[in-house]
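# Structure at a glance
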Amino acid sequence: MKYAIKHRHTNAVLYEADIPDDTPSGLQCRVALEKATQAKADLRGCNLSGSDLSGCNLRGCNLRGSNLSYSHLSGSNLSDSN
């Protein structure tokens, strides 16, 4: 299945990930975001509002101007992230 990470204002697709079809709906954004981070995708301005990103490895990810409101980030690796 495809999962698109979109810009928070323009709704333009910033990154599209292939994720397993059986991924629970609450983890789809997390899996896509980890793939985008591994691919060093530029995610400036993305909309991640309300996402469960606990324990997610976001090291080096560029999230400048992104909407992370109500996201769960406990235990996430945000070192070297923007």
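It should be emphasised that the depicted structure is a prediction, and the values quoted were computed from it without experimental measurement. (Residues numbered from 1 in each chain as written. Predicted model: local features only at pLDDT ≥ 70, side-chain atom pairs only at ≥ 80, totals over all residues. Heavy atoms only, no water.)

### A short note on the environment of Pro24
Within the fold, Pro24 resides in the loop between strand S2 (13-18) and helix H1 (28-38). In this structure Pro24 comes out as partly exposed when scored by relative accessible area, which is 47%. With 13 residues separating them along the chain, Pro24 and Asn11 place their C-alpha atoms 23 Å apart. (Helix = DSSP H or I, 4+ residues; strand = E, 2+ residues; numbered from the N terminus. Buried < 20%, exposed > 50% of the residue type's maximum accessible area, 1.4 Å probe, protein only.)

### With respect to H1
Looking only at H1, the buried set comprises Gln28, Cys29, Ala32, Leu33, Ala36 and Thr37. The buried residues of H1 occupy an angular sector of 160 degrees when projected down its axis, which confines them to one face. Structurally, H1 contributes buried residues whose contacts are with strand S1 (2-6) and S2. Downstream of H1 by a residue or two, Lys40 has a phi angle that is positive, lying close to 55 degrees. (Arc of directions from axis to C-beta. Contact = heavy atoms within 4.5 Å.)

### Concerning the confidence of the model for the protein
Across the protein, the average pLDDT comes to 90, with 100% of residues at 70 or higher. The lowest-confidence element of the protein is H1, averaging 91 in pLDDT; the highest-confidence one is S2, averaging 96. (pLDDT = per-residue confidence, 0-100.)

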